[in-house]
Amino acid sequence: MEHHVTRAAEAAAPTSSPMLRQTNLSLVLRHLRDHVSKSRADIAEATGLHRATVSNLVAELLERRLVRETGIEHVGAIGRPRRSVALHGAHVGALGLEINVDYISVHGSDLSGRVLVERRVGFDTMASGPDRSLRRLSRVAREAVEAMKRAGAVPAGLGVAVPGLVDVARGVVTFAPNLDWHDLPLAARLSTALGLSVPVMVDNDANLAALAEHTSGVAAGTPHLVYLTGEVGVGGGIIIDGKLLRGADGFSGEVGHLPVDPGGARCGCGRHGCWETKVGLAALVRMAMPERPYQPVTDPEERATEIARGLAAGDRRMLEAVAEVGRWLGLGGSIVANLFNPRVIVVGGYFATLAEWLLPHAQAELERLVVAGPAAQCRFTASNFGFGAASRGAASMVINRLIDHPTTIMDPIPRLAAY
Ligand SMILES: [Zn+2]
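Parameters at a glance
- Residues numbered from 1 in each chain as written.
- Predicted model: local features only at pLDDT ≥ 70, side-chain atom pairs only at ≥ 80, totals over all residues.
- Heavy atoms only, no water.
- Helix = DSSP H or I, 4+ residues; strand = E, 2+ residues; numbered from the N terminus.
- Rg over C-alpha atoms; globule rule 2.2 N^0.38 Å.
- Buried < 20%, exposed > 50% of the residue type's maximum accessible area, 1.4 Å probe, protein only.
- Contact = heavy atoms within 4.5 Å.
- Areas by Shrake-Rupley, 256 points an atom, 1.4 Å probe, with all protein chains shown as cover.
- Lys, Arg positive; Asp, Glu negative; His and termini not counted.
- Charge placed at Lys NZ, Arg CZ, Asp CG, Glu CD.
- Donors = N, O, S within 2.8 Å, 3.2 Å for Na, K, Ca; no water.
- Tetrahedral: all angles 85-135°; square planar, octahedral: opposite > 155°, others 65-115°.
- Salt bridge = Lys/Arg side-chain N within 4 Å of Asp/Glu carboxyl O.
- pLDDT = per-residue confidence, 0-100.
- Pairing = 2+ DSSP bridges.
- Axes fitted to C-alpha atoms, helices over the stretch in contact; angles between N-to-C directions.
- Expected span 1.5 Å × (residues − 1).
- Arc of directions from axis to C-beta.

Trainee: Quick question: what am I supposed to make of the overall build of the chain here?
Mentor: Each helix and strand counted, the chain has 14 helices and 16 strands in total. In terms of overall dimensions, the chain is globule-like: its C-alpha atoms have a radius of gyration of 24 Å, near the 22 Å expected for 419 residues. Projected onto the principal axes, the alpha-carbon positions of the chain cover approximately 75 × 50 × 40 Å. Put simply, the chain has 419 residues, and 54% of those count as buried. Taking contacts inside the chain between residues at least 6 apart in sequence as the whole, the part at least 24 apart equals 65%. Put simply, the chain shows about 18500 Å² of open surface, and 53% of that area lies on carbon and sulfur atoms. Counting 43 positive and 42 negative side-chain charges, the chain places the centres of these two groups 4 Å from one another.

Quick look at the structure:
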C-alpha cells in the first residue's frame, strides 16, 4: 500500500466541490470504459489527475461497486506490482429498446456492458398506431426491467431507438415515415406508462447503431465510420472524428431519402425514388420473391435468412435481385463516401445477413463512383450485431450518460475519511 500523500496531492484531491468531484469520477470511469482494465498509475497518467486523487476516486468507486479490482499487473522485470481496476457496476442496469416497422428489440446490460437481456419480438407497428404500439413497447420494457432485476441489476436509465427524426433534447419523435408517427412525445409517455423515476432518452435508430458499432462493433474505434441500417427503411449514422454527427436539429443521416431516382417508386415519405425504395428489404423481397409480397409482421431476419437460403442454392432470380440491390447500395454508398470520406461503411440488418452476396456488387460500384477512387480507401463491412445494433446502441447511450453523471447512480454514503 502506498501512502505518500504530499501537500500538493491533498490540494489536488477532490474537496468540497461536487462539480469537480463529478467531473473527476466521470474522467476515471470514462477511461476505464475505453481501456478495459488499468492501474491507478495508468489512470493518473492518462487523465492528468494526481495519483493521490485517483486513489481517492477509485476507493470511492470501489466502495460503490462501480469498479472492481481485477488483480495484480507486473510492469517490466523489476517494476512494482500494480493493482488494476475495471468498470463493474453489476447492480447498475442500462436498458436499450428499439421499435421498428415490424419488431421491437431489447438489449439490457450492466454498467460494464455485460449483456443481461437480449430479445426481439415481431410487431406490426405501422398497423397498430402509436397508442397500441406504446402499450406494447411499455409491456416489453417492463418485462425486460423485471428480467434485469432478477439478474441483479436495476435499470438506471432507458434508451429508445426509433427509425425517424427525433428531437433528442425533448425526447419527441418529430416524424417517423415508416411508422406513421408525427410529433409523438415518446420519452414522456413511456416514462409515465412505466412509472419509473429514471431518465428515458430517445434517438434515431441509425445514430444509435453507429454508436454501438463505434463502441463495440466490427470496426470499433474507427474514427470515421458510417453505419447503414438495412431494414424496410434505410437510415445512416455518421461518426466523424469519433463523434456522432447530428446537424443543427439532430436530423443528419437521413440517407434513405436521398433522391437517387426521381422517376422511381413512391417512398413512405411521400417522395419518389428515394434510396430506400431501391435497397430497403421490401424492395428486395418484391424483386426476389414477387409472388410473396412483403408482410410487415414477418420477422425481417427470418425473411432475410429465407433469401440467403435461396441464394446459397443458386436461385437465379434471387441472385439477380441481390446484384441489382447491391449496385444501388454502392451508388448510394458513393454519395455518402464523397460527402464524408469515411474509412468504413458498416452495414446492418438484412444487408449484414446477405453480405456475402450484396457487398461485392456494392463495393465494386462504390469504387467506380467515388471521386477520390482507391485513394479514399472506403470499404463496406457487415455488422455482426444482427438486428440488435440499435437497441445495443440505446443501452450504450444510457451507459455514456451514467458515466458522464456518475453521482446520479451513487447513493449518498458517509464521507470517506481523507487519506
Ligand atoms: Zn423517402
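Trainee: What should I look at first to understand unusual backbone geometry in this one?
Mentor: Keep in mind that most residues, glycine aside, have a negative phi and that most peptide bonds are trans. Positive phi outside glycine occurs at D180, with the angle close to 60°. Among the structural elements, D180 can be located in the loop between β9 (172-176) and β10 (181-184). With relative accessibility at 46%, the residue D180 sits in the partly exposed group. Backbone geometry places D183, a non-glycine residue, at a positive phi of 45°. The residue D183 is located in strand β10 in this model. In this structure D183 comes out as exposed when scored by relative accessible area, which is 53%.

Trainee: Would you mind showing me how to read the coordination of the zinc ion here?
Mentor: Octahedral metals with six donors have ideal donor angles of 90 or 180 degrees. Tetrahedral metals with four donors have an ideal donor angle of 109.5 degrees. Within the protein, the zinc ion binds to H257 (ND1), C267 (SG), C269 (SG) and C274 (SG); these donor distances fall in the range 2.0 to 2.3 Å. Around the zinc ion sit 4 donor atoms; with metal-centred angles ranging over 106 to 117°, the donor geometry is tetrahedral. The motif formed by the donor residues of the zinc ion, counted along the single chain, is H-x9-C-x1-C-x4-C. The same class applies to C267 and to C274, which are both buried.

Trainee: Can you walk me through the side chain of D205 in this structure?
Mentor: The residue D205 is located in helix α7 (residues 205-216) in this model. Buried and unpaired, D205 has no salt bridge, with R246 as the nearest side chain of opposite charge at 11 Å.

Trainee: How should I be thinking about the confidence of the model for the chain in this particular structure?
Mentor: Of the residues in the chain, 90% reach a pLDDT of 70 or more, and the chain-wide mean stands at 88. Every residue in residues 1-15 is under pLDDT 50, and counting partners more than four places away or in other chains gives 18 contacts. The model gives residues 412-419 a pLDDT under 50, and that stretch makes 11 contacts with residues more than four places away or in other chains.

Trainee: I keep staring at the sheet that holds strand β6 (residues 115-122) and nothing clicks. Help me out?
Mentor: Paired through their backbone hydrogen bonds, the strands of a sheet run either parallel or antiparallel. If you trace the 5 strands from one edge of the open sheet to the other, you get β6-β5-β4-β7-β11, paired in mixed fashion. Only two strands of the sheet have a single neighbouring strand rather than two, namely β6 and β11 (200-204). Pairs of neighbouring strands in the sheet enclose a mean axial angle of 15°, with direction left out of account. As paired elements, strand β4 (residues 92-99) and strand β7 (residues 154-162) share 6 bridges and run parallel to each other. Across the sheet, the residue bridging to E98 is A161, located in β7. Contacts from α7 reach β4, β7 and β11 within the one sheet, and its direction differs from that of β11 by about 95°.

Trainee: What am I meant to see in the environment of V162 here?
Mentor: Tracing the chain through its elements places V162 in strand β7. For the pair V162 and L62, spaced 100 residues apart in sequence, the C-alpha to C-alpha distance is 36 Å. The contact partners of V162, leaving out residues within four places of it in the chain, are I99, V173, A176, L179, W181, L186, V202, D203, N204 and D205.

Trainee: Would you take a moment to explain the pattern of salt bridges for this structure?
Mentor: Pairing of side chains with opposite charge becomes possible as their charged atoms draw close. Enumeration according to the criterion identifies 19 salt bridges in this entry. Of the charged contacts, one joins R64 and E60 as a salt bridge, the two residues approaching to 3.3 Å between their closest N and O atoms.

Trainee: Teacher, can you tell me more about the sheet that holds β9 here?
Mentor: On the basis of which strands lie adjacent, the open sheet formed by 3 strands has the order β8-β9-β10 and antiparallel pairing. Strands with a single pairing partner mark the edges of an open sheet, and in this sheet they are β8 (165-167) and β10. Mean inter-strand twist for the sheet, computed between neighbouring axes without regard to direction, equals 20°.

Trainee: What exactly am I supposed to notice about helix α10 (residues 300-312) here?
Mentor: Structurally, the α-helix is built with 3.6 residues per turn, so residues lying three or four positions apart point the same way. Relative to the 18 Å expected for 13 residues at 1.5 Å per residue, α10 spans 18 Å between its end C-alpha atoms, a close match to the ideal helical length. Taken as a whole, α10 has its buried residues at P300, R303, A304, I307, A308, G310 and L311. Projected down its long axis, α10 carries its buried residues within an arc of 160°, all on one side. Opposite the packed face of α10, turned more than 90 degrees from it, sit the exposed residues E302, R309 and A312. Where the residues of α10 are buried, they touch β5 (103-110), α9 (281-288), α11 (316-340), α12 (349-353) and α13 (355-369). Positioned one or two residues after α10, G314 has a phi angle of 85°, which is positive.

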